[in-house]
Amino acid sequence: MPVEFLSDEQAAQYGRYAGDPTPEQLSNFFFLSEAELALIAERRRDHNQLGFAVQLCTLRFLGSFLPNPVQVPSIVVRHVADQLHLPARVIARYALREETRYQHRRIIVAALGYCDFDGGQAVRLIRWLYAQLALSALRRREVFAPGSDRYGDPRAELLHGVAWDAVSNDVCRALNRSLDPQPELERLRLELDGAYREVERTLLQNTALQLDGQPGGTRLRLTPLEPAPDPPSLQRLQQAVAQRLPAVPLAALLLEVHAFTGLADAFTHVTDGTSTLRDLPLSVTAVLLAQACNIGLAAVAAPEVQALTLSRLSWVQQNYVRAETITAANARLVDAQFALPLAHTWGGGEVASADGLRFVVPVRTLHAGWNRKYFGSQRGVTYYNFTSDQFTGFHGIVIPGTLRDSLFILAGLLEQQTRLDPREIMADTHGSSDVVFGLFALLGYRFSPRLADLPDQRFWRLDREADYGALDDLSRHVVDEGLIAAHWEDMLRLAGSLKLGKVKATAVMRTLQRGGSLSGLGRAIAEFGRVEKTLFLLNYVGDEAYRRRILRQINRGEQRHGVGRAVFHGRKGELRQKYREGMEDQLGALGLVVNAIVLWNTRYMGVALDDLRQAGKIENERDISRLTPLLHGHIRMLGTYEFKLPEEIAQGQLRPLRDPDTVQAYLEQIEL
């Protein structure tokens, strides 16, 4: 291959080992799979097996063979030899027969599916380099890629023309909307008018609500909700159930959950899509525990167990545990929880909440943000996750810093891949703009945020002439229904494009803006959102039970975060991933493990309740709906400590010092 464009130093290092591979590289490129071990075993004599294996790993790592295949770092030879249970010194004999080495190369190339780098490959490389330049421009939004989900111009991806005509009726049917704006506006007018009159009618009885007349107009103030105390019968039931839950180590809990859900079967190899590796569930659950507990792979490795060696765990982590497989595994747990009768006592999966779990990121990374309130003088990320009314987490998004836009919530609802179909979402205020309310309503979702700024909210009306008594001044702002009518079909077209995945929710603001201001379509959605937001506000201030329902569901999400914090106990609870993919994988594993805890607890709580019911110890059946599976006092997160002393040590002998030159010591430097 021509190397004129390389420096002399780079050219000298090309196709060679520049030094010892890092511990991560050693575990990834130099780990021998079961299929490769079988291929190696076909070679006769120890030196041929070791030489063949070293050549195979060298090609995978460097992309080329070495002129002298035994001129490799000693750490490579020792690591490969350990896996073959051979002495590393036999590699010297492999250099004696050149014909054998070349024969092995042909077999290795065929086994790995590689081919020689020729003119055609050079053209492909040039195209790849140009693609990297284009990708850099795409990321800076300097250009768009037609047809790309991530880098396409969202305005160009909207349904239009023949494509919209073909699906418009189906979209309207799915959204329960009419293409004619007039019936929709009339329905909204009647609904809004009724909501105003209901709040005005009960104003005197609603002691939590006060109207303040101020020079700038009437404002509403709402007395915060008083905590509702748990009745004694519920407290006794909570204690009785918690006392009956078996004590269990977290590792055993994960294996048990796999036994009745097939959890680990969702983890497939990144290249061949199979999950046939021997004892894969043991390796996968160990990796998940290490990531979720933030303790590193060395803490769960066991050299005497083939499936738990450090090199095997690192290889499984890099090849099996990724966002795609974590999502598939999580769907299994959500389905299993949905199948339990006790879960339906808490909810049917139609309601969810969204909230953020925040982590300090003490390493240098582009994917963390500042927020002094949550991260102090450091930077961090928010793991914005979704909790169903059955206590399961069904989606998560990693956000640098903290959430500023509720469109992330809409994106989560549209992109989640479980059987749940929540139609109402509770959250904190987080940029709940008029546009956000409009988009949620168009797509059939009910957005119910917990408000922190009620006095600053505007109330809107559709009927200019209506008299709402004490609320008349409050409702002085009038919605431009003509703008809604003029853009109604485009609004449905945007909603259909979101529903069908043609455009991403997080990119939709680029669709609705021109030169930094809302376009006509954007303003129409905002006007529509003002109606929906006012309906929400009137319901919020007029119905204490509604406010309590919002608070109860948000509290479920916060309780999940408490369990998540208990699980994520290692390294001071700080996230030390540098790259976004690593953050998503590790926090996805955390969400998966918390779901496993929820499922395990729910299963055993059902058995405990049956036992209590048979003994006549459930005083009020309605108390069951207020129980929670977010318990972790009976789960051992920190492992088991052995208080055993070898006889020779008890008699005064010293333990042998560690040898820093061993392969095991080198692999222990692997970062989580």
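About the cut-offs
Residues numbered from 1 in each chain as written. Predicted model: local features only at pLDDT ≥ 70, side-chain atom pairs only at ≥ 80, totals over all residues. Heavy atoms only, no water. Salt bridge = Lys/Arg side-chain N within 4 Å of Asp/Glu carboxyl O. Helix = DSSP H or I, 4+ residues; strand = E, 2+ residues; numbered from the N terminus. Buried < 20%, exposed > 50% of the residue type's maximum accessible area, 1.4 Å probe, protein only. Expected span 1.5 Å × (residues − 1). Contact = heavy atoms within 4.5 Å. Axes fitted to C-alpha atoms, helices over the stretch in contact; angles between N-to-C directions. Parallel < 35°, antiparallel > 145°, perpendicular 65-115°, else oblique. Nonpolar A, V, L, I, M, F, W, Y, C, P; charged D, E, K, R; others polar. Left-handed = near helix turned anticlockwise from the far one by under 90°.

## Overview of the pattern of salt bridges
Phase 1 of the analysis: Inspection of every chain in the model, using the stated rule, returns 32 salt bridges.
Phase 2 of the analysis: Arginine 201 is paired through a salt bridge with glutamate 198; the nearest N and O atoms lie 2.7 Å apart. Taken together, the residues span about one helical turn, with arginine 201 and glutamate 198 both in helix α10 (residues 181–201) at a distance of three residues.
Phase 3 of the analysis: Put simply, glutamate 424 and arginine 446 hold a salt bridge, and the shortest N to O gap is 4.0 Å. Highlighted residues: glutamate 424 in strand β8 (residues 424–428) and arginine 446 in strand β9 (residues 446–450), separated in sequence by 22 residues.
Phase 4 of the analysis: With a relative accessible area of 8%, glutamate 424 lands in the buried category.
Phase 5 of the analysis: Residue arginine 446 is classed as partly exposed on the basis of its relative accessible area, which comes to 38%.

## A look at helix α25 (residues 580–614)
Phase 1 of the analysis: When the terminal C-alpha atoms of α25 are compared, their 51 Å separation across 35 residues agrees well with the 51 Å that a helix rising 1.5 Å per residue should span.
Phase 2 of the analysis: Within α25, 25 of the 35 residues are buried, which leaves it mostly tucked inside the rest of the structure.
Phase 3 of the analysis: Just downstream of α25, glycine 616 is the residue with a positive phi angle, here 70°.

## Side note on the environment of alanine 331
Phase 1 of the analysis: With respect to the helices, strands and loops of the structure, alanine 331 is situated in helix α15 (residues 323–338).
Phase 2 of the analysis: Relative accessible area serves as the criterion here: at 14%, alanine 331 is assigned to the buried category.
Phase 3 of the analysis: For alanine 331 and threonine 402, which are 71 residues apart along the polypeptide, the C-alpha to C-alpha distance reads 26 Å.
Phase 4 of the analysis: If we ignore the near neighbours within four places in the chain, the residues touching alanine 331 are Gln417 and Thr418.

## Focus on the packing of helix α9 (residues 161–175) against helix α21 (residues 488–499)
Phase 1 of the analysis: Running from N to C, α9 and α21 point in directions that differ by 85°, and their axes come no closer than 10 Å. Taken together, the axis directions place α9 and α21 in an arrangement best described as roughly perpendicular. Mapping the contact onto sequence places Trp164, Val171, Cys172 and Leu175 in α9 and Glu489, Leu492, Arg493, Ala495, Gly496 and Lys499 in α21.
Phase 2 of the analysis: When the residues that make up the contact of α9 with α21 are grouped by side-chain class, the tally is six nonpolar, one polar and three charged.

## Comments concerning unusual backbone geometry
When glycine is set aside, most residues are seen to have a negative phi, and most peptide bonds are trans.
Phase 1 of the analysis: With a phi angle near 75°, arginine 45 is a residue other than glycine that sits in the positive phi range.
Phase 2 of the analysis: Here arginine 45 lies in the loop between α3 (34–41) and α4 (46–62).
Phase 3 of the analysis: Positive phi outside glycine occurs at histidine 85, with the angle close to 60°.
Phase 4 of the analysis: For histidine 85, the position within the fold is in the loop between α5 (74–84) and α6 (98–112).

## Points about the packing of α10 against helix α23 (residues 520–542)
Phase 1 of the analysis: As a packed pair, α10 and α23 sit with axes 10 Å apart at the nearest point and diverge in direction by 25°. One finds that α10 runs roughly parallel with respect to α23. Every pair of crossing elements has a handedness; the one defined by α10 and α23 is left-handed. Contact residues: α10 offers Leu188, Glu191, Leu192, Ala195, Tyr196 and Val199, while α23 offers Phe528, Val531, Glu532, Thr534, Leu535, Leu538, Val541 and Gly542.
Phase 2 of the analysis: Here the contact of α10 with α23 is built from residues that sort into 10 nonpolar, two polar and two charged.

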